Amino acid sequence: YHAPFYFNRDAVWKTNMPTVQTDTTGCPCDSDWTPIQQLSTTGGSGAQMATQGDSIVHLTWQYSINRTMKVPYARSSNFGESFSTARDLITDTSLIKAWGSHQRIVANENYVFVFFVYRAASGPLWMLRSSDKGETWSVPRKILFGDDSTGFVDNVAACGDTLGIICTSVRLGVGKRILLTSTNSGDTWTVQKKKLPKGASWNYRLAITPGILHLAYEKIANGRYRGGETMYSRSLNVGRSWRTSKLLSTAEGYSSIGPDISASKNGDVIVMWRDGKYGSYNGFGASVIYRQSRDKGKSWNKEQVLSKIPEGSWPQSPSTRTLSAEFEQGKPIGFTWAVDTAYSTYKVKVRVSLNGGETFCDVTTITPDAEYAGGSTIMITRKRILVAWADDGLIGYDEIYFRSAPVVNTVKKQNNKVLKSKNVALAEAFPNPANPTTTLSFNIGNSSVVTVKVYNVVGEEVAILMNNASLNKGNHEMKFDASSLSSGIYYYRIFVQTDDGESMMSVKKLVLLK
């Protein structure tokens, strides 16, 4: 249910909220985002995404037809530039003939895993596994059944051979959660006997770093149905016991709800949630907030607000799938959330940091107005920002969509000062699309040393058009012959160093059609 919402003069928010510091240096701009790709054709919701290595993207989502379970799956081998046609991973239709949902996908270095439930009130938890990066899949295998049957999977997490699943349990009663773990990449599973720390039954989220399970959850405060405290706990023995929980955020706002958590191999942990404590619209509205630990959850920085104002009456529970296996401290992290910008008009927003949370790019809206745009998920790799979501406003009913942008972070700061698009004007290529030649032109305001390079959609350098050329101020142009490149999306970037030591950079997109 989405409560009605209207902007009005009574909308009030605090002016001293702890907002993150903004620095747009090297940030992707609106034109850097690829066109919206529609991945489903017969409906879908609850997009789920995982990545492997430097190129593989896996996507699945929820879909049932005629009360029959489907597990749609699409795969990209070029980091989202294009996807395979979605296919159903349940090939034996006689095996599962009931309605179902709650697919979850996760990957480690060697396997991709999809988990799903059918008979939503109570039924077995099934696992599909691929050992060849999604090319082929095992037959579905029950990993939880009988008294421990489930109806809902909160989330799954993986690090190396260790996997964890939080889901409901028929044995424990309505809404109660259990932890299911594997230490051998899904060969065998254990239902942990130790109960999870006591919290609101509907909001538990799990992340894993080497040797540590990290748990974010909501604890009901003062008997509130909505508005719980954001809590954190960790386990050093794969869930057999839990350390004393830490309070990350008090329940000061009506809409304090929806924690999510992500972690990297080096021990960075991020928790994200929403809360109306910094302002509201007539009692509704919420800010998107996060806290970060750089020492495996032992200590935490102060909470910081990602959204510039309390946005919408009922933002979707934040989804943060931010840290890939290759993540290192100081490298990109990202967040996504859906907001109600006017009654029944929703948008998906993204905010990324290119330096591990020290500063952030501006908030980016990646969807047009829609009746509903939500269920968004994000992955940040070393080279790409990847976002998937469900939306019923583009064609009239729910489908799954995807966009990506390059992590434009290839220009090193000189003297701690790199200025973007100042005293340098990079024009649109003409023609664009190119087939296969085009002309690139630019204007520089001062005599400068200029470098112009072309990158593919995953950030790899494919051409050097000008390298440290000394040019006078004024207009310049060059021909680019792309006959040796494949059709697709590319980015051309100019890097300018002026005589007085300033550094400037500008990036634009080029489409090659042959």
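Residues numbered from 1 in each chain as written. Predicted model: local features only at pLDDT ≥ 70, side-chain atom pairs only at ≥ 80, totals over all residues. Heavy atoms only, no water.

Enquirer: What should I look at first to understand the sheet that holds strand β19 (residues 246-249) in this one?
Expert: Strands in a sheet are paired, the pairing made by backbone hydrogen bonds, and the direction either parallel or antiparallel. Read across the sheet, four strands follow the order β16-β17-β18-β19 without closing on themselves; strand pairing throughout is antiparallel. In this open sheet, the two edge strands, each paired with only one partner strand, are β16 (204-209) and β19. Going from strand to strand, the sheet's axes swing by 25° on average, the running direction of each strand aside. Here strand β18 (residues 229-235) runs beside β19; their pairing, made up of three bridges, is antiparallel. Counterpart to M231 in the pairing with β19 is L247. (Pairing = 2+ DSSP bridges. Helix = DSSP H or I, 4+ residues; strand = E, 2+ residues; numbered from the N terminus. Axes fitted to C-alpha atoms, helices over the stretch in contact; angles between N-to-C directions.)

Enquirer: Just checking my understanding: could you explain a positive patch on the surface for this structure?
Expert: Together, K176, K195, K198 and K219 give the surface a local cluster of positive charge. Examined against the element boundaries, K198 turns out to sit in the loop between β15 (190-191) and β16. Residue K198 is classed as exposed on the basis of its relative accessible area, which comes to 75%. (Patch = residues over 30% accessible without salt bridge, like charges linked within 9 Å, V, L, I, M, F, W, Y side chains within 5 Å. Areas by Shrake-Rupley, 256 points an atom, 1.4 Å probe, with all protein chains shown as cover. Salt bridge = Lys/Arg side-chain N within 4 Å of Asp/Glu carboxyl O. Lys, Arg positive; Asp, Glu negative; His and termini not counted. Charge placed at Lys NZ, Arg CZ, Asp CG, Glu CD. Buried < 20%, exposed > 50% of the residue type's maximum accessible area, 1.4 Å probe, protein only.)

Enquirer: Help me understand the environment of Y491, please; the structure alone is not making it clear to me.
Expert: Along the chain, the position of Y491 falls in strand β37 (residues 488-498). Overall, Y491 belongs to the buried group, its relative accessible area being 3%. Along the chain, Y491 and K508 lie 17 residues apart, while their C-alpha atoms are 5.6 Å from each other. Residue contacts for Y491: discarding those within four places in its chain leaves D32, T34, R384, P406, K453, V454, Y455, N456, V457, V507, K508 and K509. A polar side-chain atom of Y491 sits 2.7 Å from the main-chain carbonyl oxygen of D32. (Contact = heavy atoms within 4.5 Å. Polar contact = N/O pair within 3.5 Å; in protein donor to acceptor, adjacent residues only side chain to side chain.)

Enquirer: Quick question: what am I supposed to make of the sheet that holds strand β13 (residues 162-168) here?
Expert: With antiparallel pairing, four strands are arranged side by side in an open sheet as β12-β13-β14-β15. Looking along the sheet, the strands with just one partner apiece sit at the ends: β12 (153-159) and β15. Relative to strand β14 (residues 177-182), β13 is paired through six bridges, and the arrangement is antiparallel. Residue pairing across strands places I165 opposite L180, the latter belonging to β14.

Enquirer: What is the right way to read the state of the cysteines from this model?
Expert: According to the stated counting rule, one finds one disulfide in the structure shown. Two residues share a disulfide in this structure: C27 and C361, whose sulfurs sit 2.0 Å from each other. Between C27 and C361 the disulfide shows an S-S torsion of about -90°. By sign, it is left-handed. Here C27 is found in the loop between β1 (12-13) and β2 (37-38), whereas its partner C361 is found in the loop between β26 (345-353) and β27 (364-365), with 334 residues between them in sequence. (Disulfide = S-S within 2.5 Å.)

Enquirer: Mind showing me how you'd approach the packing of aromatic side chains here?
Expert: To describe a pair of aromatic rings, you give the distance between the ring centres and the angle between the ring planes. A full pass over the atoms with the stated rule returns 12 aromatic pairs. Seen in terms of ring centroids, F116 and W126 are 6.2 Å apart; in terms of plane orientation they differ by 5°. Their pairing is stacked. Placement of the pair is F116 in strand β9 (residues 112-118) and W126 in strand β10 (residues 125-130), with a sequence separation of 10 residues. The exposure classification of F116 matches that of W126, with both residues buried. Ring geometry for Y204 against Y217: centres 5.5 Å apart, planes inclined by 20°, an arrangement best described as stacked. Taken together, the residues Y204 in strand β16 and Y217 in strand β17 (residues 212-219) connect sequence positions 13 residues apart. An aromatic cluster is built from Y111, F113, F115 and W189, whose rings are joined through pairwise contacts. Its guanidinium or amino end placed over the ring of F152, R104 lies 5.9 Å from that ring's centre, counting from NZ or CZ. In this structure, R129 packs its charged tip against the face of Y111, placed 4.7 Å from the ring centre. (Phe/Tyr/Trp six-rings, centres within 6.5 Å; stacked < 30°, edge-to-face > 60°. Lys NZ or Arg CZ within 6 Å of the ring centre and 35° of its normal.)

Enquirer: Looking at this model, I keep getting lost on the confidence of the model for the protein. Mind explaining?
Expert: One rule of thumb: low pLDDT means the predicted coordinates there are not for detailed reading. Across the protein, the average pLDDT comes to 79, with 75% of residues at or above 70. Scored below 50 in pLDDT, residues 313-328 shows 73 contacts in the model against residues more than four places distant or in partner chains. (pLDDT = per-residue confidence, 0-100.)

Enquirer: What should I look at first to understand the environment of A216 in this one?
Expert: Counting through the fold element by element, A216 comes out in strand β17. With relative accessibility at 0%, the residue A216 sits in the buried group. The contact partners of A216, leaving out residues within four places of it in the chain, are N203, Y204, R205, M231, P259, I261 and V271.

Enquirer: Whenever I open this one, the side chain of T367 confuses me. Can you help?
Expert: In this structure, T367 sits in the loop between β27 and β28 (373-380). On the accessibility criterion, T367 (6% relative accessible area) is buried. From its side chain, T367 meets the backbone nitrogen of V348 in a polar contact 2.9 Å long.

Enquirer: Explain the nonpolar core here, please?
Expert: The biggest cluster of nonpolar side chains holds 24 residues, and the ones touching the most others in it are F442, V450, F480 and I494. Elements with a minimum of two residues in this core: β32 (424-426), β33 (437-444), β34 (448-456), β35 (461-471), β36 (474-481), β37 and β38 (503-512). Examining the composition of this core, we find that four residues originate from one element, β37, more than from any other. Apart from the residues lying within four places of it in its own chain, the contact partners of V450 are F442, I444, M466, N467, N468, A469, L471, I494, F495 and V496. (Core = buried A, V, L, I, M, F, W, Y, C linked by side-chain atoms within 4.5 Å.)

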